[in-house]
Amino acid sequence: MDYDWIVVGSGFGGSVSALRLAEKGYTVGVIEAGRRFEDEDFAESSWQLNKFLWAPFVGLRGIFRLTPFKDVFVGSGAGVGGGSIVYANTLYRAKPDYYRNPQWRDLADWEQELDRPYSTVEKMLGVNTVPFESPSDKILRDYGKAVGVEDTFCRTPVAVYFGEPGISVPDPFFGGEGPERAGCTRCGACMVGCRVGAKNTLLKNYLWFAEKLGITILPDRKVVDVMPVGAEDGSDGYEVYVKSPGLFGGKKQRFRSKGVVFAAGALGTNSLLADCKHRGSLPNISDRLGSLVRTNSESVVAVTLPDDSARTWNSVAISSSIHIDEDTHIEVVTYGQKGDVMSLLFTLLTGDGTRWMRVFALLGNVVRHPINFLKSLWPVGWSRRTVVLLVMQSLDNAIAFRAKPRWFGSGVRLQTEQDPQKPNPTYIDGGNKAAQWIAERTGGIAQSMILEATANIPTTAHLLGGAVVGRDADSGVIDSEHRVFGYENLLVCDGAAVPANPGVNPSLTIAAMAERAMSKVPTRLERD
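Below is a short write-up of the structure. Going along each chain's sequence as written, the residues are numbered from 1 onward. With the structure being a predicted model, the display of local features is reserved for residues of pLDDT at least 70 and the display and counting of side-chain atom pairs for 80 or more, all residues being used for whole-chain, interface and lining totals. Calculation of side-chain values draws on the structure's entire complement of heavy atoms; hydrogens and water are dropped beforehand.

On to the sheet that holds strand S5 (residues 64-68), then. Taken together, the 3 strands give an open sheet; going across it, the order is S5-S6-S25, and neighbouring strands pair in mixed fashion. Pairing within the sheet leaves two strands with one partner each, and these edge strands are S5 and strand S25 (459-460). Pairing analysis gives 2 bridges linking strand S6 (residues 73-77) to S25, with the strands arranged parallel. Bridge pairing links Phe 73 to Thr 459 in S25. Here, strands pair whenever DSSP counts at least two bridges between them. Runs of E in the DSSP output that reach at least two residues are strands. Runs of H or I that reach at least four are helices, and both are numbered from the N terminus.

Next up, the structure:
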């Protein structure tokens, strides 16, 4: 065997798994499709597409992946550190309904089971509350007051070092054992890539200590197949095949390990597991694979202000939130001063309706507001002037992934379909109303994501589920300890395991679930 364990992916689940397995005495290899970025390697502007966007088939090897489906438009991370290098640093615990979801509520007292793992992750990631109020926060607080929910306003818990702005200091989180850090400069570019060194990405904590324990990180390699060696249940180990990401990918490499942790993010893990199941490499994976895919019931809207005098960018990516009702959570978001490429994903705010109705509604808005429409097409300065609103819900809705033959080559591709009983929303009225109110108050231009307005396709930055926890293979893909039904030493420890909408940014929950799963793995001494 090349390693005791191979971890596929280096995001929140993968990094937690790598460190905890190494602490238990195992040799660990982490395979990551994306590049490895040092702080100074991140894009200075989102227009540096080769450093910002991930599209290896056209040579772009950045940190932000955009994937359109029929029923959802997905944003996700790429690179060593996974989502942590591109996410908005925001680390809430899940809402109470999450633990009580019927999919898993009878398997454990999940709120109690995850309490200690949550605390562990919060400490490892250096979670603290945003210590200032930005101009965007004031706008959101005023809206909360206008709709009678000002008491729900709060500053976000984030994984950021708020020291002396731009000043480097010895590790402030782990008694000097971690890397040197620099204080946040409030540039707002957390989601373009933190070049300052203030963002507590996984490279600053879990992966830092895992590498100290001897794990190997193999970037620029995409896992394309996993199959048992010897016994069909994988008890003799696994072969893991990788190739370079991109249009052709080059020659395959093979690694062998005793166990495999799937942690490639919900999209990557679902795609890889579906390929392995339908290719016949892992044929006994539950037929429930691809069911209960969650979008965190999200919608993204925005308001572009008349000018940048308010300095709404002068913050961290997400600095505050309100709850407009029991199920709906709104956060203010910025891409900083250099995130203008994101403007290409927005158009004039458009209301509810079917796909064709929304197209006609958008055209009507263009006719009624031609100047606003023309202004919305100009990207320069957009991120300096724009307040983005991320709307999330804890409602029990879902879509599904269905495996279809690839148009070219072997394997399968994923196609979405709505859950017939509890479909994912394509429009959230509370988000549109908030954008309209802010636009009227500031003289700004309210905007919808362009795919939502033109194709009734909502956007999510938090795709979840598809290989979820269940009682057995008839209800889920993995058991309560994240073990894949039908196989030995095969685990899923990322967003694909999440069984319900947490209703908040899910990174903390993904990492906490991985911490709990790793606590159930015996040490190497116990195994031997």
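The discussion continues.
Of note, the phi angle at Asp 220 is positive, near 60°, even though the residue is not glycine. Here Asp 220 lies in the loop between strand S12 (216-218) and strand S13 (222-228). We classify Asp 220 as partly exposed; its relative accessible area is 29%. With a phi close to 50°, Ser 297 is a non-glycine residue in the positive phi region. When you line up the elements, Ser 297 lands in the loop between strand S16 (291-294) and strand S17 (299-304). Burial status follows relative accessibility: with a 1.4 Å probe on protein chains alone, a residue under 20% of its type maximum counts as buried, one over 50% as exposed, and anything between as partly exposed.

Attention now goes to the packing of aromatic side chains. To pair, rings of Phe, Tyr and Trp, with the six-membered ring standing in for Trp, must have centres within 6.5 Å; the planes then decide the type, stacked if under 30 degrees apart, edge-to-face if over 60, and tilted in the middle. Taken as a whole, this structure holds 16 aromatic pairs when the rule is applied. Pairing Trp 5 with Tyr 26 gives two aromatic rings, centres 6.3 Å apart and planes at 80°, and the pair type is edge-to-face. Pair noted here: Trp 5 is in strand S1 (residues 3-8) and Tyr 26 is in the loop between helix H1 (12-23) and strand S2 (28-31), with a separation of 21 residues, a long-range link. Aromatic ring contacts, followed pair by pair, group Tyr 98, Tyr 99, Trp 104 and Trp 110 into a single cluster. Only when the NZ atom of a Lys or the CZ atom of an Arg is both within 6 Å of the ring centre and within 35 degrees of the ring normal do we say a charge sits over the ring. The positively charged end of Arg 186 is found above the aromatic ring belonging to Phe 132, 3.7 Å away from the centroid. Directly above the aromatic system of Tyr 241 lies the positively charged group of Lys 252, at a separation of 6.0 Å from the ring centroid.

Attention now goes to the state of the cysteines. Cysteine sulfur atoms are paired as a disulfide whenever they fall within 2.5 Å. A full pass over the atoms with the stated rule returns 0 disulfides. Free cysteine: Cys 493, not disulfide-bonded; nearest cysteine sulfur from Cys 276 at 16 Å. Residue Cys 493 is classed as buried on the basis of its relative accessible area of 1%.

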